[in-house]
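One letter stands for each residue in the lines below.
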Amino acid sequence: MTDSTFAESSRTNPWRQATIGLIIGVALMRLVALAVSPVALYADETQYWIWSREFDWGYFSKPPMIAWLIAASTGLLGDSDFAVRLPAPLLHSVTAAFLFASAQRLADTRTGFWAAAVYLTLPSIWLSGVVISTDALLLCAWSAGLYALLRLREDRGWVSAAGLGLAIGLGFLSKYAMIYFVVGTAIGIVIDAPLRRALLSLKGAIAALIALACLAPNLAWNAANDFATVTHTAANANWGGDLFHPAEMAEFLVEQIAVFGPLLFPVLIGLLIAGVLKLRNIAPERRLLAAFIVPAILAVSIQAFISRAHANWAAGAYVAATLLVTLFLLNGPGWRRWVLIGSIALHSIVGIGFAMVAASPALVEMAGLDNATKRIRAWPETASAIADAAAADDYAFIVFDDRNVFHQTQRYAPSLQGQLRMWLRYSGPVNHAEDIWPLPETIDGPVLIVSHRPLEVPRLREDFRTFEPVGELAIPLDGGRTRDFTLWRAEGHVRVARDAAYEDRWQAIDAEAGVVRGYSNDDG
């Protein structure tokens, strides 16, 4: 069947119509939820918005695509929190459409519908669908790349090759975890003869050239900026401390249940294990899908064992995982369909329920979820309180020791924009805020220090000749919690050199006091 005939017959296919209705319906629901949401941007979203105000080919900790999308959205619709988040549900809708198209190619339109339904209702997508993050961009590029690759494997057309190259290039401009897609493609070349013939050709070379052309400006930006984004990405792996943490790996794997679902993730692991044991008896297409699942999950599990890993670091794997699990559950014994439908229903109930709870402080308290909402509550109120404290004296700068609070104050207290500065804990910047807005060496007049990290106050004190308390802030959150700050009036900035002696001395002080410092959550 030709593509045109295939597309024509699909127009009247009820599964295709149902898929269109599903994707549009879920997108509209999420757009309405965004429009009425009382939840302010969280710190990473605010940082991406700050990047979007100045076009560049790269930023301190991420490639540029997320900033470009936010710039486009806010340029069209204004600078509201809704406009900042708008790309998220739209991107996931496009991802679901590509998954439908891929499943249709691998099986039929019925499988395509269920693949889209599984993806749109995944636990992680309920959250990612209403916040703007690099994962939404990565998953969209990954799904587009996988669809183009499946087309190229069958028809070896120029359009498929160009689409594959463009998807890979845009994926890298979204998140460097797109490297796992390239690894999967390399494995696919080895294990799948049709893909090998398609890619080891002029069309494969064209795809590679298009991908490199997309990525080249970002590589040039990194080269001109001391490879800031690449270095930060490597530093996030945190291989400099004590190595080997089996508990971290176990925690990461358990967290994948929250990413992919309590029934779907065990099914996926079972399929991958069975695939290894019966490799020669597995259909070529399913072996190929596994090539785009295993590298990310395996590599991040090893990373978690060596040091640490966040739950979303293997997110790209779940594009192909959605297809593989759906193909399995739609065939064979009846219990499989119950697992499929039950998972979609369970994920939908939990996702909608959590969204309703998060929107209501009263429900948060009733459900005992105040710890989960503390990072998304009362940021406008926090910024307003900081602005009021800053108005109490003629301060040269307002200084922060927490980049999250710094960025939220940038967003929600624009009147302080020119005064906001970051104190540098280390010898150089470790995040975007410290890189662009560091506290100057020479300061005329007093500064107001807004400290959110009590353990850093003794270090802060060392960098000033005078350091006096001027108050505290306690911003009410859910469940009787508060976001607490200590306020200090400081003068005479003389920054102590951050050399090895400095770090050794403070490590000894921490050890004597029994202080245990955890991982930084910057750009996790």
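Look above for the structure.
Computed from a prediction, not measured in an experiment: that's the story for all the values here. (Residues numbered from 1 in each chain as written. Predicted model: local features only at pLDDT ≥ 70, side-chain atom pairs only at ≥ 80, totals over all residues. Heavy atoms only, no water.)

(A) How the structure looks around the overall build of the protein. The secondary structure content of the protein amounts to 27 helices and 5 strands. In terms of overall dimensions, the protein is globule-like: its C-alpha atoms have a radius of gyration of 25 Å, near the 24 Å expected for 524 residues. As displayed, the protein has an accessible area near 23,100 Å², and 65% of this comes from carbon and sulfur atoms. (Helix = DSSP H or I, 4+ residues; strand = E, 2+ residues; numbered from the N terminus. Rg over C-alpha atoms; globule rule 2.2 N^0.38 Å. Areas by Shrake-Rupley, 256 points an atom, 1.4 Å probe, with all protein chains shown as cover.)

(B) Representation of the pairing of strand β3 (residues 447-451) within the structure. Summarising burial for β3: 5 of the 5 residues are buried, a large majority. Burial along β3 is two-sided: the face carrying V447, I449 and S451 and the face carrying L448 and V450 are both buried. Two strands pair when backbone bridges link them, and strand β1 (residues 397-400) and β3 are joined in this way by 4 bridges, in the parallel orientation. By the bridge assignment for β3, F397 is matched with V447. In this sheet, strand β5 (residues 482-493) lies alongside β3 in antiparallel orientation, the contact comprising 5 bridges. The partner of I449 across the bridge, within β5, is W488. (Buried < 20%, exposed > 50% of the residue type's maximum accessible area, 1.4 Å probe, protein only. Pairing = 2+ DSSP bridges.)

(C) Just the packing of helix α3 (residues 43-52) against helix α4 (residues 65-77), in detail. Interaxial distance between α3 and α4 falls to 8 Å at its minimum, and their mutual angle equals 75°. Judged on the interaxial angle alone, α4 and α3 are roughly perpendicular. Two secondary-structure elements touch here, α3 through Y48, W49, W51 and S52 and α4 through I66, A67, I70 and A71. Across the contact of α3 with α4, the residue classes break down as 7 nonpolar, 1 polar and no charged. (Axes fitted to C-alpha atoms, helices over the stretch in contact; angles between N-to-C directions. Parallel < 35°, antiparallel > 145°, perpendicular 65-115°, else oblique. Contact = heavy atoms within 4.5 Å. Nonpolar A, V, L, I, M, F, W, Y, C, P; charged D, E, K, R; others polar.)

(D) The arrangement of the pairing of strand β4 (residues 464-476) in detail. With 11 bridges joining them, β4 and β5 adopt antiparallel strand pairing. Counted as the bridge partner of F467 is A490 from β5. Where β4 folds back onto β5 in an antiparallel hairpin, the turn is made up of 5 residues, including G479, whose phi is positive at roughly 65°.

(E) Fine view of the side chain of H493. Checked against the element boundaries, H493 lands in strand β5. Polar contacts involving the side chain of H493 include one to the main-chain carbonyl oxygen of E441, which spans 3.3 Å. (Polar contact = N/O pair within 3.5 Å; in protein donor to acceptor, adjacent residues only side chain to side chain.)

(F) Spotlight on the pattern of salt bridges. Tallied over the entire structure, the rule returns 19 salt bridges. Of the charged contacts, one joins R153 and D192 as a salt bridge, the two residues approaching to 2.7 Å between their closest N and O atoms. Placement of R153 in helix α9 (residues 134-155) and of D192 in the loop between α11 (179-191) and α12 (193-199) is noted, with a sequence separation of 39 residues between them. The pair formed by R153 and D192 is uniform in burial state, with each residue classed as buried. For E503, the salt bridge is made with R425, and the minimal N-O distance between the two is 3.0 Å. A residue pair is termed long-range when its members are at least 10 positions apart, and E503 in helix α27 (residues 500-513) and R425 in the loop between β2 (420-422) and α25 (432-436) qualify at 78 residues. Accessibility classification places E503 together with R425 in one group, the buried group. (Salt bridge = Lys/Arg side-chain N within 4 Å of Asp/Glu carboxyl O.)

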